[in-house]
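So the chains spell out like this:
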Amino acid sequence: MSETQKYRTLCCREQWLGGRFDGAVCRGDAICLAEGAYAGAACLPPVDSAEAGFRWDRLKLLAYVPPEAAVRVYARASDDPEWPAWETLAGAPLPSETLRALYGPPATGTDVLLQASGRYLWLALELTAGGAETPRVDGISLRMGGDHMVDYLPAIYRGQDFTYRFLSIFNTMFQELEAALDALPRQLDPSSADGEMLEFLARWLCMEPELGEGDLRRRLPEVLDEYETMYTPAGVCRSVRRLTGRQPWIIEHFAVDPNDPQCRNPALYRRLYGEEPYRFFLLLPQGTFARQEDMERFLERMRGLTPAGTEMELVLLKPCIQLDWHTYLGINSRIGDYIPAAIDDSVTIHYDTTIGGASQ
């Protein structure tokens, strides 16, 4: 919001409750239609500008208005704090005809030109819904002062209603542009940028939102440092952890070179890892991917996260126990044994069946 514009905002339950309601209710800090109602109105208590003859010229409505709904704004200003009709509104029905007779013609939209003069301003909101979704008013911002284009014209033009309204169109455009420029530093900060701008910043820095908005806000400030080590073993491990949530193991060719004199089993290493010097192996637990599509998506994503000229091969490790000549499981360990079987008329004994007890 421009520093030259001063607003007073009504946005909490305490500011609404002194009003007159018909078919509308306060729900939290917002004004909504009552349950089952498709039309309603809320006449708000007067707002005091503390200045006689104050010129109310602009109102911003903070509201959610679905496509088949509408919010109309009625306004009346006066220097007299007493308005006899206000007392008659308590508990009375508030149709459009009554509001129009008391306040004058309504205005629609979220940016309303009021053109009312007087210290006290009475506002009324009419809410209507034509479908399942109903409108909601979260707040009202009243312009209390500040620059206007007409203020820079000679005095003879300042009192003309047409000139003021005509220049208000361009004044609004200028204020919105000024507000956008004021908000630019906040929009360029990943911690405060809105969703659309956050995605723009991510594309600007060549990031893909794999894990959603929270991941982008966390990674964007550090992404330039990530790029420095992205194609190192540590960077590849970091990318895999981000995409799968698992800690990988990376085996490079020089670590298992079957031609190395110190290689203990060259034949096994050739069978497992081959002899391609530009291939590395990525080892992950077997349950890393729930579906084949998830694994294929991961491999496709990793093609852009591995060093150029290298080939990655994914190996899913199955949980198992490997027994060797020197394996010792503990005192009186037993891997398997004969299971005694009860033989009766329903059991078929094959020619290669071994029959015996524990002593066998």
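Bear in mind that the values here come from a model prediction, so they are computed numbers and not experimental data. Counting restarts for each chain, with residues numbered from 1 along the sequence as it is written. At least 70 in pLDDT is required for a residue's local features to be given in this predicted model, at least 80 for side-chain atom pairs to be given and counted, and no such filter applies to totals for whole chains, interfaces and linings, which use all residues. In computing side-chain properties, one takes all heavy atoms of the structure into account and sets aside hydrogens as well as water.

Participant: Which residues make up the side chain of S49, and what values do they have?
Facilitator: Position of S49 among the secondary structure elements: in the loop between strand 6 (47-48) and strand 7 (55-64). Each residue is assigned to one of three classes by its accessible area relative to the maximum for its type, calculated with a 1.4 Å probe on protein chains only: buried under 20%, partly exposed between the two thresholds, exposed over 50%. The class of S49 is buried, set by a relative accessible area of 14%. Note on definitions: a residue-residue contact is assigned when non-hydrogen atoms from the two residues lie within 4.5 Å. Excluding anything up to four places from it in sequence, S49 contacts F54, W56, G118, R119 and M144. Helix numbers and strand numbers start at the N terminus; a helix is a DSSP run of H or I with at least 4 residues, a strand a run of E with at least 2.

Participant: Which residues make up the packing of aromatic side chains, and what values do they have?
Facilitator: Two rings belonging to Phe, Tyr or Trp (six-membered ring only in the last case) form a pair when the distance between their centres is within 6.5 Å. Interplanar angles under 30 degrees mark stacking, angles over 60 mark edge-to-face geometry, and anything in between is tilted. Overall, the coordinates contain 9 aromatic pairs when judged by the stated rule. Ring geometry for F166 and F170: centres 5.3 Å apart, planes at 70 degrees, overall edge-to-face. Linking F166 with F170, this pair stays in helix 5 (residues 161-187), spanning 4 residues, or about one helical turn. Residue classification places F166 among the partly exposed positions, given a relative accessible area of 42%. On the basis of relative accessible area, F170 is assigned to the partly exposed category, the value being 37%. Members of the aromatic cluster, connected to one another through ring pairs, are Y74, W83, Y103, Y120 and W122. In this arrangement the basic side chain of R76 is found over the ring face of W122, its NZ or CZ atom lying 5.0 Å from the centre. Whether a charge sits over a ring comes down to the Lys NZ or Arg CZ being within 6 Å of the ring centre and within 35 degrees of the ring normal.

Participant: Can you break down the nonpolar core residue by residue, with the values?
Facilitator: Counting residues in hydrophobic clusters, the biggest one holds 27 residues, and the most contacted among them are L59, L123, L125, I140 and L142. Mapped by element, the contributors of at least two residues to this core are strand 3 (24-27), strand 4 (30-33), strand 7, strand 8 (69-78), strand 10 (111-117), strand 11 (120-129) and strand 12 (136-146). By residue number, the principal contributor to this core is strand 11, which donates 5 residues. Residues in contact with L123, not counting those within four places in the same chain, are A42, C43, L44, L59, V73, Y74, A75, Y103, I140 and L142. Nonpolar core, defined: a set of buried Ala, Val, Leu, Ile, Met, Phe, Trp, Tyr and Cys residues in which side-chain atoms within 4.5 Å join the residues together.

Participant: Give me the lowdown on the environment of D79, citing residues and values where you can.
Facilitator: Looking at the secondary structure, you find D79 in the loop between strand 8 and helix 2 (84-88). Pairs of N or O atoms within 3.5 Å make up the polar contacts considered here, provided that, within protein, one atom can donate a hydrogen while the other can accept it, and that residues adjacent in sequence are counted only when both atoms are side-chain atoms. From its side chain, D79 meets the backbone nitrogen of G53 in a polar contact 2.8 Å long. A distance of 2.7 Å separates the side chain of D79 from the backbone nitrogen of R119, its partner in a polar contact.

Participant: I'd like to hear about unusual backbone geometry, residue by residue, with values.
Facilitator: The backbone phi angle of A50 is positive, close to 65 degrees, even though this residue is not glycine. Among the structural elements, A50 can be located in the loop between strand 6 and strand 7. Among the residues examined, A50 registers a relative accessible area of 60% and is labelled exposed.

Nothing here speaks to function; it is geometry throughout.
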